[in-house]
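# Understanding the architecture of this molecule
Each chain, letter by letter, is given below.
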Amino acid sequence: MAELQKTYDPAAVEPKWYQRWLERGDFRADPNSQKPPFSIVIPPPNITGVLTLGHVLNNTIQDILARRARMHGCEVLWLPGTDHAGLATQSAVEKALRKNEKITRHDLGREEFVRRTWEWREKHGRIIIDQLKRLGCSLDWSRERFTLDEDYAAAVEQVFIDLHAKGLIYRGRRMINWDPAALTALSDEEVIPTKQKSTLFYVRYELVDQPGRFLEVATTRPETIMADTGLAVHPNDERYRALVGSSVWRPLVREQIRIVADDAIDPEFGTGILKVTPAHDKLDFEIGQRHHMPAPDVLHPNGRINCPAMPELDGLDRFEARKRAGELLAERGLLAKEEPHENNVGFSERAGVPIEPRLSEQWFLRYPQTEQALAAVREHLVRFFPAHWEKVYTQWLENIRDWCISRQVWWGHRIPAWYGPGEEIRVQLESPGDGWRQDEDTLDTWFSSWLWAYQTMDAETRRKFYPTSVLVTGPDIIFFWVARMIIAGLEFKPGASGRDEDNIPFRDVYFTGLIRDRSGRKMSKSLGNSPDPLELIGSYGADGLRFGLMRMAPSGQDIRFDEKQIEEGRNFATKLWNAARFRQMHGPSEVAPRLEEHALSIYAVEVLARLNEAIAGIEEAYGEYRFNEVSQRLYDFFWGDYCDWFVEAAKTDIFSEDEARKRGVLAVMDHVLSAVLRLLHPFMPHITEELWGLLGFGGAHENGVDTIQFAAPPPPHAMAAGHNVEQARKRVAAIYGTIDSGRNLRAESRVQSNKKAKFVLRPSAEWIAAELPTITRLLNAEEITTDPNYQAGAGVPVAASPVGDLHLLIAGSDTGAEGERLEKEIAKLEAELRNVDAKLSNQSFVDRAPAAVVEEHRRRRAEFSERRGSLVRARDALT
């Protein structure tokens, strides 16, 4: 067995183990295995992406679940892959073309541009895959998929054809969201409402039959007045009821337009009159349809004004035109006033520019299976964690609109529709023949990824692993992806039967939080507040990053990132290494120690009981996907209960001449270290694998595989007969409480913790004498004398500890300072007594609380009273 190095070096350990795991095929899933299945499909990162802290969080959680499932004896499929990311990738390639060759995609033509994009994908598209490997992700890389793989693409096109045949996909001219920067249509979910400070222009429209009388209309978009085809008022608005049916002059490009009445008008906004511009606003379009208004378009696709009849504005950018239109209206006496105004403006999620509502011929999908998708979550066939996301999901599905699925992008799944003579349309995979041209558009990227949960698997794999066990994702794509995958599963039925429970894409969905900086700001490169995960791995190791991040990630809530927590993760790895090294210094470990064959100290009983509590709490937290609670329990148990208390207490036996007691302590250490390594493995896979081998625990595996990855999680330890667990735990609690009292006494008396000190203990029980060597060690005392009749001199510092009055012997005691200290201690105890008395005087608490809880409060009241009495006597002795 190799000796542990003095210091832990993650840079040497982590790549070594990851390569070994790959070479051994440890992550490969066997669809013919008899083990119970556990499966996850990775949310496919864009091929344009590089590793972010969001990726680290999401994929660490998936890896924790996958590794834990392997340890529980499951056949695990964690399926990797990437998304072609149509618009994002096309934008990245176009940017490179402009920078390097000073050309656009149009200069190359579609076929050559697509070829260049495939080249770009081969060069750049796997960067994030290599980064996930550096993080330690245990994905089955032999099954890596891509949303433009040939068979995947064929399936996407066939789905389009099938849904079109069912009448669920149709082509129509409708109001859509248009991205004037990317020059493509967007779905509603790709538009982010964003508060903007704008201007409300009050424009004067002259009544045709009452020259000189004007109606004031408030608008934020004077640049579209040339496309106005009417004014609208509410039918119950008394101010304007008499004017309905009459006409006004349009202020720019003068023309008569009608006044109509419509229930959609808000009489409280502006002056209660709406300028109706059907081609440039969704509400206006609906009003225009109801009142048979024309819909002229005065914007080019790139957002510039398209109105030769208004040469002053024609060709101007829409925002420049807005300002100029206001000036023109003012010059013509047609602008009553301007007011500051805050409104919500839809921004393109991808391009970050305000979208334009636009009339356009596009392909749309009427969502199928919406009622079934609602029921799947409502009836918990699919469970959401945290559960409050069910409400968001339900609201979206209950108000769902048809999905605009066509995009004016070249990189992606080209729509399998063909236009022939007389504009006849056929939807099929192959061209119908000469004279037919294929639709230029591609499908929304999400139209391919909604099939991801099952189309990434072949039939054999699907039989074993579908539906998948859990999806880990962000709540920002609950509409884009989660809901659509549920709909796809229910519609296309890839499961073993036609039942909904066999066709839902996953059983559970865990929604992660958003990582923010310490000030609560969203992380971004432009703000300079987004650390590079690979740099963090270089500084703290992958395991340190994983463990540190999980400790600060409350279930489903946003995370305030603090690099100090990542440093704590590295420090925890160091602590683990040093504890293992300390054990190795005292001889080889037992693979499976039989604790029942050893006489266990009270400290061993306590640490085993604490381990049992940690195991139970960890299992409960896993059941609710509370990963930060799992990691915190592991941290508290190992660093606190094991290292700070048990190991220090156990040194008394380790360094004694009693070999039997020494063997008992070392056996407990082996038991605890083996358990801790297994509990920690999903969070910190590399260091736990390294220590599992170096400590020789690998031989415990039933198949003889020298890896921790398939070692069963530790069960709670059944304490052997003959150990009075309750008594042992009470005694240890009293001793540890005494150590805390003694350390506080030293600190308050300004005696340095590393300086030996003398104490006198007036013991409250006979059993304390046997534990004095350990108490002396833990207190770093030169000597502890026990004297039941000790009478302290004036000013000698004293603490009322759980095992008796503890006196600190120091020269030149200050009676005044000691009196002040005792008053503070008495006040603390009196506060504790008031709290306990309040509980015990509450008859409802006494009647309803478990008997053991009530008894514990009575015990504490007696203990606090006794300790208070000791301190009061010590205080009174000073005077």
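Provided above is the structure to which this section pertains.
Before going into details, it helps to say that this report is about the structure given with it.

Each value, and the rule that gives it
Residues numbered from 1 in each chain as written. Predicted model: local features only at pLDDT ≥ 70, side-chain atom pairs only at ≥ 80, totals over all residues. Heavy atoms only, no water. Pairing = 2+ DSSP bridges. Helix = DSSP H or I, 4+ residues; strand = E, 2+ residues; numbered from the N terminus. Contact = heavy atoms within 4.5 Å. Polar contact = N/O pair within 3.5 Å; in protein donor to acceptor, adjacent residues only side chain to side chain. Phe/Tyr/Trp six-rings, centres within 6.5 Å; stacked < 30°, edge-to-face > 60°. Core = buried A, V, L, I, M, F, W, Y, C linked by side-chain atoms within 4.5 Å. Buried < 20%, exposed > 50% of the residue type's maximum accessible area, 1.4 Å probe, protein only. Axes fitted to C-alpha atoms, helices over the stretch in contact; angles between N-to-C directions. Parallel < 35°, antiparallel > 145°, perpendicular 65-115°, else oblique. Nonpolar A, V, L, I, M, F, W, Y, C, P; charged D, E, K, R; others polar. Right-handed = clockwise from strand over helix to strand, strands pointing away.

Before going further, it helps to spend a moment on the sheet that holds strand β6 (residues 184–186). Hydrogen bonds along the backbone pair up the strands of a sheet, which may run parallel or antiparallel. Spatially, β6-β5-β14-β16 is the arrangement adopted by the four strands of the open sheet, whose pairing is antiparallel. The open sheet terminates on both sides in strands that have one partner only, identified here as β6 and β16 (403–404). Two strands pair when backbone bridges link them, and strand β5 (residues 169–179) and β6 are joined in this way by three bridges, in the antiparallel orientation. Bridged to Trp178 within β6 is Ala185.

A few words now on the environment of Tyr367. The residue Tyr367 is located in the loop between β14 (356–365) and α10 (370–378) in this model. Considering only alpha carbons, one finds Tyr367 and Ile400, 33 residues apart in sequence, at a separation of 8.1 Å. Setting aside residues no more than four positions away along its own chain, Tyr367 makes contact with Trp396, Ile400, Arg401, Trp403, Arg484 and Ile487. Looking at Tyr367, its side chain comes within polar contact range of the side chain of Arg484, at 3.0 Å.

Glancing now at the pairing of strand β7 (residues 191–207). Pairing geometry for β7 and strand β13 (residues 335–348), over 13 bridges, is antiparallel. Note that in β13 the partner of Tyr202 across the bridge is Lys337. Hairpin connection of β7 to strand β8 (residues 214–219): six residues between the antiparallel strands, including Gly212 at a positive phi of 90°. Both β7 and strand β10 (residues 247–249) contribute to a ladder of two bridges, which runs antiparallel. Counted as the bridge partner of Glu206 is Trp249 from β10.

What follows is about the packing of aromatic side chains. According to the stated counting rule, one finds 40 aromatic pairs in the structure shown. On the basis of an interplanar angle of 20° and a centroid distance of 5.5 Å, the ring pair of Phe638 and Tyr642 is categorised as stacked. Taken as a pair, Phe638 and Tyr642 lie in helix α21 (residues 627–654) at a separation of four residues, close to a single helical turn. These aromatic residues form a ring-pair network of at least three members: Phe160, Trp363, Tyr367, Trp396, Trp403, Phe447, Trp450, Phe479 and Phe492.

Glancing now at the nonpolar core. Judged by nonpolar contacts, the single largest core of 128 residues is most densely connected at Tyr642, Phe646 and Met669. Of the residues forming this core, the biggest block, 14 residues, is contributed by α21. In terms of nonpolar packing, the next biggest core, distinct from the first, is built from 58 residues, Val156, Tyr393, Leu490 and Val509 among them.

This part is about the packing of helix α20 (residues 602–623) against helix α24 (residues 725–748). Two elements in contact, α20 and α24, have axes separated by 8 Å at closest approach and are oriented at 100°. Relative to α24, the element α20 lies roughly perpendicular. Side by side, α20 and α24 meet where Ile602, Tyr603, Val605, Glu606, Ala609, Arg610 and Glu613 of the first sit next to Val725, Ala728, Arg729, Arg731, Val732, Ile735 and Tyr736 of the second. Residues belonging to the contact of α20 with α24 are distributed by class as follows: nine nonpolar, no polar and five charged.

This brings us to the pairing of strand β26 (residues 757–763). As judged from the five bridges shared by β26 and strand β27 (residues 781–786), these two strands associate in the parallel manner. When the bridges of β27 are listed, Ala757 appears paired with Ala781. For the segment spanning β26, helix α25 (residues 772–778) and β27, crossover handedness is right-handed. Across six bridges, the pairing between β26 and strand β29 (residues 804–809) is antiparallel. Looking at β29, one finds that Leu761 is bridged to Leu806.

Bringing unusual backbone geometry into the picture now. Phe385 connects to Pro386 through a cis peptide bond whose omega is -5°. Its location among the elements puts Pro386 in the loop between β15 (383–385) and α11 (389–398). Cis peptide bonds are those with omega within 30 degrees of zero, and the linkage from Tyr466 to Pro467 qualifies with 0°. We note that Gln369 has phi near 60°; this positive angle belongs to a residue other than glycine. You can see Gln369 is positioned in the loop between β14 and α10. In the Ramachandran plot, Arg750 falls in the positive-phi region, its phi being about 60° despite a non-glycine side chain. The topology assignment puts Arg750 in the loop between α24 and β26.

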